[in-house]
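Inside the fold
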Amino acid sequence: HGCSRWPLLAMAALAASDDVTVPVWPRPRSITFGSATAAVHHSRLQIEHASGAAHDELLIAGIGRMKRNIFSFAANLSSAPLPYLRARLPGGPRKDATPPEARKCDTQKTKIFTTLRIEVAATSPTRLQHGVDESYELVLEAEGGTLRAPTEWGALRGLETFSQLVQYLGPAAGGFVLCGLPLRLVDSPAHAWRGLLLDTARHYMPLRAGILPLLDAMTAVKLNVLHWHLTDSSSFAMASTALPQLAQRGAWHPALTYSAEDMRAVVRAAWLRGIRVVPELDMPA
């Protein structure tokens, strides 16, 4: 699912077992599925949401990322199916059940999934803060589906789940498909703080090649806090307009610092992905 996040998913892929598994991470609260299959075509897939809403900016950006995650990598792959990261469903082993992604998808008789409708209950922007409602419900039929969420942040999590459910089985198997339809998935996070600690005070990481792609990897597994350790005794890499000598003399090198524009870019990119940035400034250090 994209150059920046696919290695993370592939390395964590779970082996098949007698448990019921779904290609969604982390494990959803509940899911029910059937036995039908739908083809997904880039040119036919439409994502609809209420235009003019207060959260248009977030949803438009999220929809663009979702489509890139689904379709952008297929041209460079072989015909073999991808090893999707899978979560075991609650309830323990069920030997009589087969994971929907492992079923034989009859691509000769499938319908085409054309429309995903996004419905956000909140009519005004919801502040991205600790404990914000990130729940959602995803209902998919053979020809279309609906993503419902109380807030725009829940809608972003649901778009990520939808991108994981669309699987590339190879050209011989019909390309991109949704298996296990009709499907109903209800999810909400088990923990309000799902964070990643990034220590650039001890190990400088470039903005474009390191930190921004990391945000995409966090989105893939629905993390929502970037704990950014910016300064320590090793290096003061945060540029300051009030006290520029701190970074000039305290960083590994004057070039290995983050300007105010750099930090704004990280906060902006993180916000578009439903991730809060929590800076840590060790003083004195």
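Throughout, a residue's number is its position along its own chain's written sequence, starting from 1. Owing to the predicted nature of the model, reporting of local features is limited to residues with pLDDT of at least 70; listing and counting of side-chain atom pairs is limited to 80 or more, with chain, interface and lining totals taken over all residues. Side-chain figures throughout are based on the complete set of non-hydrogen atoms in the structure, without hydrogens or water.

1. Topic: the overall build of the protein
Defined as follows: The helix and strand labels rest on DSSP assignments: H or I over at least four residues marks a helix, E over at least two residues marks a strand, and numbering proceeds from the N terminus. The rule is simple: take the accessible area with a 1.4 Å probe, protein chains only, and divide by the maximum for that residue type; under 20% is buried, over 50% is exposed, in between is partly exposed. Contact between two residues is taken to exist if any of their heavy atoms lie within 4.5 Å; hydrogens are not considered. Using a 1.4 Å probe, the Shrake-Rupley method yields the accessible areas, and only the shown protein chains count as cover for residues.
When helices and strands are tallied, the protein shows six helices and 13 strands. Taking all 285 residues of the protein together, 47% fall into the buried category. Excluding contacts between residues fewer than 6 apart, the proportion of contacts in the protein whose partners are at least 24 apart in sequence is 81%. With the model as given, the accessible surface of the protein reaches about 13,800 Å², and the carbon-plus-sulfur share is 55%.

2. Comments concerning the pairing of strand S8 (residues 144-149)
Counted only if it meets this: Strands were regarded as paired on the criterion that DSSP finds at least two bridges between them.
With five of six residues buried, S8 lies mostly within the body of the structure. By the bridge criterion, six bridges tie strand S6 (residues 115-120) to S8 in an arrangement that is parallel. Its bridge partner being in S8, threonine 115 is matched across the sheet by glycine 144. With antiparallel pairing between neighbouring strands as the criterion, strand S7 (residues 136-140) and S8 make up a hairpin whose turn holds three residues.

3. Structural notes on the packing of helix H2 (residues 56-71) against helix H6 (residues 260-272)
For clarity, the threshold we go by: Only the stretch in contact is used when a helix axis is fitted, and all axes are lines through C-alpha atoms; the angle between N-to-C directions ranges over 0 to 180 degrees. Reported orientations rely on four angle classes, namely roughly parallel under 35 degrees, roughly antiparallel over 145, roughly perpendicular from 65 to 115, and oblique for the rest. Throughout, the ten residues Ala, Val, Leu, Ile, Met, Phe, Trp, Tyr, Cys and Pro are labelled nonpolar, Asp, Glu, Lys and Arg are labelled charged, and all others, Gly among them, are labelled polar.
Following both chains from N to C, one finds H2 and H6 inclined at 80 degrees, their axes separated by 9 Å at the closest point. Taken together, the axis directions place H2 and H6 in an arrangement best described as roughly perpendicular. The segment H2 lies against H6, with Glu57, Leu58, Ala61 and Arg65 engaging Arg268, Trp271 and Leu272. Its residues assigned to classes, the contact of H2 with H6 comprises four nonpolar, no polar and three charged.

4. Considering the layout of surface pockets
Think of a ball as big as a water molecule: rolled over the atoms, this probe shows where empty space is left. What counts is decided by this rule: Using a 1 Å grid laid over the protein atoms alone, points where a 1.4 Å probe fits but cannot get out form a cavity; open sets with protein on both sides within 12 Å along at least 5 of 7 lines form a pocket; any residue with an atom within 4 Å of a point counts as lining. Grid points are joined across faces, edges and corners, and a volume is the space filled by probe spheres set on the points.
Each pocket or cavity is described by its volume, and for the largest pocket that value is around 290 Å³. Pro26, Arg27, Ser188, Pro189 and Ala190 are, among the 17 residues lining the largest pocket, the residues nearest its centre. A breakdown of the residues in the lining of the largest pocket according to their chemical character gives eight nonpolar, two polar and seven charged.

5. Overview of H6
Short version of the rule: A helix is expected to span 1.5 Å for every residue after the first.
For H6, which comprises 13 residues, the first-to-last C-alpha distance of 18 Å matches the rise-based estimate of 18 Å (1.5 Å per residue) to within 8%. Restricting attention to buried positions, one finds in H6 the residues Met263, Val266, Ala269, Ala270 and Leu272. Against the buried residues of H6 lie H2, helix H3 (152-165), helix H4 (207-220), strand S12 (225-231) and strand S13 (276-281). Immediately downstream of H6, the backbone of glycine 274 shows phi near 75 degrees, a positive value.

6. Structural notes on the side chain of glutamate 160
Examined against the element boundaries, glutamate 160 turns out to sit in helix H3. When its relative accessible area of 5% is taken as the criterion, glutamate 160 is described as buried.

7. Points about unusual backbone geometry
Of all residues except glycine, most have a negative phi; of all peptide bonds, most are trans. The omega angle of the peptide bond from tryptophan 25 to proline 26 is -5 degrees, so this bond is cis rather than trans. Within the fold, proline 26 resides in the loop between strand S1 (21-22) and strand S2 (30-39). Across the junction of leucine 181 and proline 182, the peptide omega takes the value -5 degrees, indicating a cis bond. By secondary structure assignment, the location of proline 182 is in strand S10 (residues 176-187). Positioned with a positive phi, lysine 222 is a non-glycine residue whose angle comes to about 60 degrees. When you line up the elements, lysine 222 lands in the loop between H4 and S12. Taking the relative accessible area as the measure of exposure, lysine 222 reaches 5% and is therefore buried.

8. Looking at the environment of leucine 226
The topology assignment puts leucine 226 in strand S12. Judged by its relative accessible area of 0%, leucine 226 falls in the buried class. Through-space distance from the C-alpha of leucine 226 to that of valine 277 is 4.8 Å; in sequence the pair is 51 residues apart. With residues near it in sequence (within four places) discarded, leucine 226 still touches Leu196, Leu198, Leu215, Met218, Val266, Ile275, Arg276, Val277 and Val278.

9. Remarks on the packing of aromatic side chains
Aromatic ring pairs: the centre-centre distance and the angle between the two ring planes describe each pair. Operational definition: Aromatic rings from Phe, Tyr and Trp, with only the six-membered ring used for Trp, were paired whenever their centres fell within 6.5 Å, and each pair was classed as stacked if the ring planes differed by under 30 degrees, edge-to-face if by over 60, and tilted otherwise.
Applying the stated criterion to the full structure yields six aromatic pairs. For the ring pair tryptophan 153 and tryptophan 271, a centre distance of 5.9 Å and an interplane angle of 75 degrees mean the geometry is edge-to-face. Placement of the pair is tryptophan 153 in helix H3 and tryptophan 271 in helix H6, with a sequence separation of 118 residues. With relative accessibility at 30%, the residue tryptophan 271 sits in the partly exposed group.

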